[in-house]
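# An overview of the molecular structure
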Amino acid sequence: MKKIKIIIMIILGLCLLNNSVLAETIIDVNIEPDEPEPASQITITADISSEKDIDKVYIEIQECKEDLCFQKENITMTKVNSNYQKNYQLEKDESTYFKYSIAILFTDGSWYNQNEKTEVTLKPASGNGGTNGGDGEDKNTPGFELILLIAAISLIILTRRKRLG
Amino acid sequence: MKKNIFTILFLVIIFFNFLTGCFENSEEGDNFAFSTLNGDTKQLVDYRGKIVILDLWATWCSPCQYQMTELKKIYENYSRNDLEIISVDVDTREDAQLIQSFRNFFNQTYGIELDWIFGMDDGSISEKYMKEGAIPTLCIFDKKGRLSFREAGICVYLEIPSGFPANTTVLAHIINQLI
């Protein structure tokens, strides 16, 4: 009976050891803007939680279109507060999507590589021939200012008339 | 007498130039070296006498995967005495094990065995042959190793599938001309 207990303890110990060796690394990546356009600048922020100490974080980016991909770039991310960040300029006008993956170099010299690459679809660049408003903070409805101006002038005329009257 | 010597010298020079010209032409042709998946080093010159399609690719490149389905058609339609395909992974961070896993994945997922020559680049092949920094890039070398065709983007074997641009390059004509 004692032997069985010892064996169970050893097995449990080994299981715990195994779990601690396979320390999980969780990466949460955020890309701004959500729907980037080709040849635009994006900000990539990686929130990384790992039991190991991180030395460097790299991001690999490949821009592609339907029938080809452009050679990938391996970029070092900068530590900003508790996250890793990079402002990256997408290069190709003709790209329709890009793929990225994160690689982490730990202080003990070991690596973590994301095997699965995440694909981000690029929003077709607007011709910008005219602003129809709606999707940008700076883009107000055309003519809206004119309505405000007319209302203000009418108000001034009305108050003046009342004063004169 | 002097005239004769000059004439003979002139003829000798012309004949020598002609010979060297012929010799250069026969030796003309590109060469590059790559590592195979089992660690051997192979060169383009090893395949002289055959048309060689050099396919520059990487495992992360989705269009390269489609290109391989077209390469498979070519590989099956031509004799090994006439044509060889060499797919060289241009991403120097990808190793033989990853490429082999990719081949296994391709076989399991699409039922297509990628059974031609696969290799890895040390950076020199992509520098020399990659077009516009894009993959897939296909290069076709004639039987003497001369670069006859180079294009970035998907090329098809014989028929342009629906949804592809009408100007998609069809390789069959190019290969048949070289054979």
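Given the structure is predicted, the values throughout are model-derived calculations rather than measurements.

The rules behind the values
- Residues numbered from 1 in each chain as written.
- Chains lettered and ligands numbered in written order.
- Predicted model: local features only at pLDDT ≥ 70, side-chain atom pairs only at ≥ 80, totals over all residues.
- Heavy atoms only, no water.
- Helix = DSSP H or I, 4+ residues; strand = E, 2+ residues; numbered from the N terminus.
- Buried < 20%, exposed > 50% of the residue type's maximum accessible area, 1.4 Å probe, protein only.
- Contact = heavy atoms within 4.5 Å.
- pLDDT = per-residue confidence, 0-100.
- Salt bridge = Lys/Arg side-chain N within 4 Å of Asp/Glu carboxyl O.
- Disulfide = S-S within 2.5 Å.

What follows concerns the side chain of Ser101(A). All names here are of chain A. As for its position among the elements, Ser101 is in strand β8 (residues 97–106). Assessed through its relative accessible area of 4%, Ser101 is described here as buried. Residues within four places of Ser101 in sequence aside, it is in contact with Tyr58, Ile59, Glu60, Gln114, Glu116 and Lys117.

Attention now goes to the confidence of the model for chain B. Residue and element names in this part refer to chain B. The pLDDT averaged across chain B works out to 88; a share of 85% of its residues lies at or above 70. Residue range residues 21–26 is modelled with pLDDT below 50. Its contacts to residues more than four positions away, or to other chains, number 0 contacts. With pTM at 0.70, the complex prediction returns an ipTM value of 0.73.

Cis geometry marks the peptide bond from Glu32(A) to Pro33(A), where omega comes out at -5°. Position of Pro33(A) among the secondary structure elements: in the loop between β1 (25–32) and β2 (41–50). A cis geometry characterises the amide bond from Ile135(B) onward to Pro136(B), with omega recorded as 0°. As for its position among the elements, Pro136(B) is in the loop between β6 (134–135) and β7 (137–141). The phi dihedral of Asn81(A) falls on the positive side, at around 55°, and the residue is not glycine.

Below, the discussion takes up the pattern of salt bridges. Residue and element names in this part refer to chain B. Tallied over the full model, the rule gives 7 salt bridges over all chains. Between Lys72 and Glu76 there is a salt bridge; the shortest N-O distance is 3.7 Å. Here Lys72 pairs with Glu76, and both are found in helix α2 (residues 62–77), just 4 residues apart, close to one helical turn. With a relative accessible area of 10%, Lys72 lands in the buried category. According to the relative accessible area criterion, Glu76 is exposed, its value standing at 58%. Salt-bridge contacts for Asp115 lead to Lys72; the nearest nitrogen and oxygen are separated by 3.1 Å. Within this pair, whereas Asp115 is found in the loop between α3 (96–110) and β5 (117–120), its partner Lys72 is found in helix α2, the two being separated by 43 residues in sequence. Exposure remark for Asp115: the relative accessible area of 33% places this residue in the partly exposed category.

What follows covers the state of the cysteines. What is meant by a disulfide is a covalent connection between two cysteines, made through their sulfur atoms. All told, the structure shown has 2 disulfides over all chains when counted by the stated rule. Put simply, Cys64(A) and Cys69(A) are joined by a disulfide, and their sulfur atoms are 2.1 Å apart. Looking down the S-S bond of the Cys64(A) and Cys69(A) bridge, the torsion is 100°, so its handedness is right-handed. Comparing Cys64(A) with Cys69(A) shows no difference in burial state: the two are buried. Each disulfide pairs two cysteine sulfurs, and for Cys61(B) the partner residue is Cys64(B), the sulfurs being separated by 2.2 Å. Disulfide Cys61(B)-Cys64(B): the torsion about the S-S bond is 80°, which places it as right-handed. According to the relative accessible area criterion, Cys64(B) is buried, its value standing at 1%.

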